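The chain contents come next:
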Amino acid sequence: MRTARRPAPSDRRTPAATTAPASSVLLPRRTPPADDGDGDGAGAGAGRRDPVLDVVVPVHDEEKDLERCVRRLHAYLVETFPYSFRITVADNASTDATPRIAARLARELPGTYWIRLAEKGRGRALHTAWSGSRSPVLAYLDVDLSTDLAALLPLVAPLISGHSDLAIGTRLARGSHVVRGPKREIVSRCYNGLLRGTLAVGFSDAQCGFKAVRREVAERLLPLVEDRGWFFDTELLVIAERAGLRIHEVPVDWVDDPDSRVHIVPTALADLRGMARLGRALAAGRLPLTALRREGGLERVAELPPGLAGQLLRFAAVGAASTLCHLLLYTALRSFTGAQAANALALLASAVANTAANRRLTFGVRGRPGVLGHHLKGLAAFLVGLALTSGSLAVLHRTAPGAGPGPELLTLVLANLAATLLRFLLLRAWVFPGRGARRTRGSSTS
């Protein structure tokens, strides 16, 4: 029989009821846990086991929305969720009436708890609540309930079944329906694009406040996550993906909260600092990814992101053929058009062929959907290569006016190497984002 952890005063957990009977764990159930009457504040009584799902709602100064949203969440879970559950309101250093409202909700709504932290930070609230929970599946959602709750079961079902290790809601995948202002849309897409370009991530939406993780996975990941603020989600996902854990994505319906408390500029700066810190830790090998893979039965030889090694080999083969095609066309056209025009025409032709080949061979994209967009983005990458190669030729002709075809070809080869590396990063992060990552896709029932 498991004895529940008794929280410290700064991590106070107040139950409205204790958890479900042992026989209800992992069995369909349409009611929240029943009260055993012990009132010890630990969240589990004698002879009881924890519910399947613990949904954490991190809050800070949310007296306006807390009661309405928690009651809505509780009613939805009671009426539609087929497993035992608990709702944990994680109050991180609120200065308004939030603690009093949370305590009252815990008394009135069966299966609802709250914890009080003395320090502010959404990541700190999630870290504390998840570390203290014994439920097999841990989730969280934002208190404004911007995400349609119909996506909750598709989010956690792969974790309950053991099919996936983590699950995230995504607003940037096909099948998602999002209503929000242009400023937040641009910031979100830029942030996720920057993640793909710098840390080569494969998941599509790091910031959506709708995530879940298996408890045994959280126990291995949480000690490695340093951030206690908004970057907590991103850091957790990056470490998990680098360790080869399975990330399930669920397209969601999402409506922006116009009264959001997120301060964009300070949050963005903190995220950039977190990305730099995490990138340095990964580059220096300070994270025990090999140990994580071994514990999860996913031992790998290389420290590369999932799918990257094979992509590099296929991209290198396509790139070598494209470079040869470029040089042959340049040589054939140079005597008719001059060096710069021959380079532009040859590079354009090879770029179109390169995008088509990489689309099919490197990133495994087939069929017509998205082909026009892929080629338009490929042409943008072509312009970057054109600037590098044309600029290199211009520098050569300025420093050595009498240079012939031999030096020109050598210059183009070197410039093409730099352009090829940049092109690969653009193709992976922008043109075909996330095509090599180890993850699964789900669909929302909404």
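## Regarding the overall build of the protein
Within the protein, the regular secondary structure consists of 13 helices and eleven strands. Burial statistics for the protein: of 446 residues in total, 52% are counted as buried. Sequence-distant contacts, at least 24 apart, represent 79% of the contacts inside the protein between residues at least 6 apart. When the accessible surface of the protein is totalled, it reaches about 19500 Å², and 62% of it is carbon and sulfur.

## A word on helix 1 (residues 66-80)
In this model, helix 1 (15 residues) spans 21 Å end to end at C-alpha, consistent with the 21 Å of a helix rising 1.5 Å per residue. Taken residue by residue, helix 1 has Leu66, Cys69, Val70, Leu73, His74 and Leu77 as its buried positions. Summarising the axial view, the buried residues of helix 1 lie within an arc of 130 degrees, below the 170-degree limit, and thus occupy one face. For helix 1, the elements touching its buried residues are strand 2 (53-59), strand 3 (85-92), helix 2 (98-108), strand 4 (112-117), strand 5 (137-141) and helix 4 (152-160).

## Describing the environment of Ser350
Mapped onto the fold, Ser350 is located in helix 11 (residues 339-362). Spatially, the C-alpha atoms of Ser350 and Phe382 are 9.2 Å apart, while their sequence positions differ by 32 residues. Discounting residues that sit within four places of it in the chain, Ser350 has contacts with Ser322, Cys325 and His326.

## Considering the pairing of strand 5
Buried residues dominate strand 5, accounting for five of its five residues. Both faces of strand 5 are covered, namely the face carrying Val137, Ala139 and Leu141 and the face carrying Leu138 and Tyr140. As judged from the four bridges shared by strand 2 and strand 5, these two strands associate in the parallel manner. In the sheet register, Val56 faces strand 5, and the bridge partner there is Tyr140.

## A few points about a nonpolar patch on the surface
Taken together, the side chains of Leu348, Val352, Leu372, Leu376 and Leu379 present a nonpolar region at the surface, about 430 Å² in accessible area. When contributions to the nonpolar patch are tallied by element, the ones reaching two or more residues are helix 11 and helix 12 (371-399). At three residues, the largest contribution of residues to the nonpolar patch is made by helix 12. Mapped onto the fold, Leu379 is located in helix 12.

## Some remarks on helix 7 (residues 232-242)
Every α-helical turn comprises 3.6 residues, leaving residues that sit three or four positions apart pointing alike. Summarising burial for helix 7: eleven of the eleven residues are buried, a large majority. Of all the positions in helix 7, only Phe232, Asp233, Thr234, Glu235, Leu236, Leu237, Val238, Ile239, Ala240, Glu241 and Arg242 are classed as buried. The positive-phi residue at the C-terminal boundary of helix 7 is Gly244, with phi of around 80 degrees.

## Points about the packing of helix 3 (residues 122-132) against helix 7
One can describe the packing of helix 3 onto helix 7 by two numbers: an axis separation of 9 Å at closest approach and a directional angle of 55 degrees. One finds that helix 3 runs oblique with respect to helix 7. When helix 3 is examined against helix 7, the residues Arg122, Gly123, Leu126, His127 and Trp130 are found in contact with a partner set consisting of Phe232, Asp233 and Leu236. Across the contact of helix 3 with helix 7, the residue classes tally to four nonpolar, two polar and two charged.

## Topic: the nonpolar core
With 42 residues, the main nonpolar core has Trp130, Leu166, Leu195, Phe203, Leu221, Ile239 and Leu278 as its most contacted residues. Counting residues per element, this core draws most heavily on helix 7, which supplies six residues. Setting aside its immediate chain neighbours within four residues, Ile239 contacts Leu221, Leu224, Val225, Leu278, Leu287, Leu289 and Leu292. Leu53, Ile101, Ala103 and Ala212 belong to the second largest nonpolar core, which has 41 residues in total.

## Considerations on the pairing of strand 6 (residues 166-170)
Burial analysis of strand 6 places five of its five residues in the buried class, the great majority of the element. The alternating pattern of strand 6 places Leu166, Ile168 and Thr170 and Ala167 and Gly169 on opposite faces, both of which are buried. Bridge count between strand 6 and strand 9 (residues 247-251): five bridges; the pairing is parallel. In the sheet register, Gly169 faces strand 9, and the bridge partner there is Val250.

## Comments concerning the packing of aromatic side chains
Under the counting rule described, the total for this entry stands at three aromatic pairs. Ring plane angle 55 degrees and centroid distance 6.3 Å describe the contact between Trp130 and Phe232, whose orientation is recorded as tilted. Here the residue Trp130 occupies a position in helix 3, and Phe232 occupies one in helix 7, the gap between them amounting to 102 residues. Taking the relative accessible area as the measure of exposure, Trp130 reaches 3% and is therefore buried. For Phe232, a relative accessible area of 1% translates into the label buried. Connected via pairs of aromatic rings, a cluster forms that spans Trp130, Tyr140 and Phe232. Cation over ring: Arg86 sits above Tyr113, and NZ or CZ is 5.0 Å from the ring centre. A cation sits over an aromatic face here: Arg171 above Trp254, 4.7 Å from the ring centre.

## Considerations on the confidence of the model for the protein
For the protein, per-residue confidence averages 79 on the pLDDT scale, and residues scoring 70 or more make up 80% of the total. Confidence over residues 299-306 falls short of pLDDT 50; this stretch has 22 contacts with residues more than four positions distant or in other chains. Note that pLDDT drops below 50 for residues 435-446; the model gives that stretch 47 contacts with residues more than four away or on any other chain.

## Here's the deal with the packing of helix 11 against helix 12
Contact geometry for helix 11 and helix 12: axes closest at 9 Å, N-to-C directions at 145 degrees. In the packing of helix 11 onto helix 12, the handedness of the crossing is right-handed. For the contact of helix 11 with helix 12, the per-class residue count stands at 13 nonpolar, ten polar and one charged.

So, how was this worked out
Residues numbered from 1 in each chain as written. Predicted model: local features only at pLDDT ≥ 70, side-chain atom pairs only at ≥ 80, totals over all residues. Heavy atoms only, no water. Helix = DSSP H or I, 4+ residues; strand = E, 2+ residues; numbered from the N terminus. Buried < 20%, exposed > 50% of the residue type's maximum accessible area, 1.4 Å probe, protein only. Contact = heavy atoms within 4.5 Å. Areas by Shrake-Rupley, 256 points an atom, 1.4 Å probe, with all protein chains shown as cover. Expected span 1.5 Å × (residues − 1). Arc of directions from axis to C-beta. Pairing = 2+ DSSP bridges. Patch = residues over 30% accessible without salt bridge, like charges linked within 9 Å, V, L, I, M, F, W, Y side chains within 5 Å. Salt bridge = Lys/Arg side-chain N within 4 Å of Asp/Glu carboxyl O. Axes fitted to C-alpha atoms, helices over the stretch in contact; angles between N-to-C directions. Parallel < 35°, antiparallel > 145°, perpendicular 65-115°, else oblique. Nonpolar A, V, L, I, M, F, W, Y, C, P; charged D, E, K, R; others polar. Core = buried A, V, L, I, M, F, W, Y, C linked by side-chain atoms within 4.5 Å. Phe/Tyr/Trp six-rings, centres within 6.5 Å; stacked < 30°, edge-to-face > 60°. Lys NZ or Arg CZ within 6 Å of the ring centre and 35° of its normal. pLDDT = per-residue confidence, 0-100. Left-handed = near helix turned anticlockwise from the far one by under 90°.

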